[in-house]
Amino acid sequence: MSTHRLEPSIFHISRAGRRGLSIPRSRVPKKPLETMIPKKYLAAKAPELPELSELDVVRHYTHLSTMNYSIDANFYPLGSCTMKYNPKVNEDAAALPPLLSLHPYADPSLAQGVLRVMYELEQYLCEITGFPAFTLLPAAGAHGEFTGILIAHAYHKKNGENRHKVIIPDSAHGTNPASASLAGYEVTTCPSNKEGMMDLSALEKLLDRDVAAVMLTNPNTYGIFERNVMKIAEMVHSVGAVFYGDGANLNAIVGRARPGDLGFDVLHSNLHKTFSTPHGGGGPASGPVGVAAHLVPFLPVPRVMQEGGRFVLKTDFPDSIGRITSFHGQVGIIFRAYAYMRILGREGLRRISDFAVLNANYMKARLLAADAFPCPYPKGTMHEFVLSTARGKDVGAGATSIGKRLLDFGFYAPTVHFPIPECLMIEPTETESKETLDQFVDTLLAIRKEIDELPEMLAEAPYNTPLRRLDEVTAARKPVVCSPCEV
Ligand SMILES: *Cc1c(COP(=O)(O)O)cnc(C)c1O
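What this report covers is the structure whose coordinates are included nearby. Worth saying up front: this structure is predicted, and the values here are computed from it rather than measured.

What counts and what doesn't
Per-chain numbering applies: the sequence of each chain, read as written, is numbered from 1 onward. In keeping with the model being predicted, local features are shown solely for residues with a pLDDT of at least 70 and side-chain atom pairs are shown and tallied solely at 80 or more, while totals for entire chains, interfaces and linings include all residues. Excluding hydrogens and water, the side-chain values take into account all heavy atoms of the structure. Whether a residue is near a molecule or strand depends on its heavy atoms: if one lies within 4 Å, it is near. Two N or O atoms form a polar contact when they lie within 3.5 Å of each other; inside protein one atom must be a possible hydrogen donor and the other a possible acceptor, and for residues adjacent in sequence the pair counts only when both atoms belong to side chains. Every accessible area reported is derived by Shrake-Rupley at a probe size of 1.4 Å, with residue values counting cover from the shown protein chains alone. A run of H or I in DSSP becomes a helix once it reaches four residues, and a run of E becomes a strand once it reaches two; helices and strands are each numbered from the N terminus. Under the scheme applied, nonpolar residues are Ala, Val, Leu, Ile, Met, Phe, Trp, Tyr, Cys and Pro; charged residues are Asp, Glu, Lys and Arg; polar residues are all the others, including Gly. Partly exposed residues are those whose accessible area sits between 20% and 50% of the maximum for their type, while under 20% is buried and over 50% is exposed, using a 1.4 Å probe and protein chains only.

### Examining the site of the ligand
So, point 1. Surveying the vicinity of the ligand reveals 13 residues, the closest of which are Ser80, Gly141, Asp246, His272 and Lys273.
So, point 2. Contacts to the ligand include Ala142, whose backbone N or O atom sits 2.8 Å from an oxygen atom.
So, point 3. At 2.7 Å, a side-chain N or O of Lys273 approaches an oxygen atom of the ligand.
So, point 4. A total of 380 Å² of accessible area belongs to the ligand in isolation, and the protein chains cover 88% of it.
So, point 5. Those elements that provide at least two residues to the shell around the ligand are helix H5 (141-158) and helix H9 (271-274).
So, point 6. When residues of the shell around the ligand are assigned to their parent elements, the largest contribution, 3 residues, is made by H5.
So, point 7. Here the residues of the shell around the ligand are counted per class, giving 3 nonpolar, 7 polar and 3 charged.

So, in structure tokens, the structure goes:
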């Protein structure tokens, strides 16, 4: 039996003539629309909008909000996504009335405060990552990758070179090959070695002067720090290619290691992951890109600069890749990340990575000690780890079933089937208590027992959610938002 109530759609609870508020009768005489607007611009029928009282609307959305899973309600160990707690003070920063009322076309003289925050956030990112310049314009991690690859392209073009390949390891996030191909490159996959790191001899064979860039995530998606990163940088540079860093996993090293010092030429960082701004469900996001000195001229415009004590937006950079977004990036996200950094300070930012790594290693150690699920790459775990669920799959209760079963116990499922098939990828983040980590591990151990004893039951999970197993592809492509009230 489901413990959740099903909520009908707002159209089903609509009642003709019901109103949310009443306004005084107007003394201005009525005039038919047709007398003011040409008939061809008028709809034949009024739109079918729901008609409800304020209380109907409040209850409807409050019910829906309790069906929503969020970090404010529960643990969210979604590997690769860094679903840490988002401090509410960040929301205050993003909702400052002068910021909300500022028009993106406002003259810079009227937007000095916003420009200063952007300028300073760029400086902080430079200090944290070890690059001389940043752009805050990209609207997500993937958009940052695309921007970075366009920068690499512009750099080679400027040098009179026409390279056509990008090398990406097999453990990379799917956005890496997508960004490189969208930019027109042929993607070559480099295998991982048995420790879960990039295979150097395979890379050696793939590298030649057709390679425009090598994209590496560090720590990678297995949660492992690529210990050979500086050697890889040397190899990449020896053929004149650009070394791209996917910095989505910066949470594991912030305050401890700087990608700019590790040999990367360009890097995107996900503010919505490391710097705690709400994400999920498609946004909002922000993926600033930092570059080494030789790539600074290619950064997109506008750039926020300081001139005689004033902040200005500059666009006159002849080698720039140009505009990549209509205005100035995701300013609301930029303010949230800025508030987060200012409140934590240097010492606090360093503690993020300490606790993110400690929490992941604690959970992994407990799960491995109980012999629950094998870890294919157990050495060098940073902020997340991967467990194999092959054993469950053999009895019809693999990663998908385990993820669904976790929902019954009130946990969000970890990432499943990425970066390898039949796996769970668990990222606790630094904001969780030992009690929460223990509860999650205990639940996974209980599910592990169910795999042995009740695999058929697991294969049908979940049991306690408003809806059970959806056809996920059809649900995404042809959503039927009214179905609950028809059930
Ligand atoms: C999240 C993530 C991305 C993409 O970031 P988006 O903001 O979702 O576009 C890229 N690489 C890695 C490793 C990630 O975890």
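### Comments concerning unusual backbone geometry
So, point 1. The linkage connecting Asn218 with the following residue, Pro219, adopts the cis geometry, with an omega of -5 degrees.
So, point 2. Tracing the chain through its elements places Pro219 in the loop between strand E4 (211-217) and helix H8 (229-238).
So, point 3. Even without a glycine there, the phi angle at Ser276 is positive, about 55 degrees.
So, point 4. Of note in this structure, His417 is not a glycine but carries a positive phi near 60 degrees.
So, point 5. When you line up the elements, His417 lands in the loop between strand E11 (415-416) and strand E12 (423-426).
So, point 6. Residue class for His417 comes out partly exposed when judged on its relative accessible area of 34%.

Take it as geometry only, folks, not as evidence of what the structure does.
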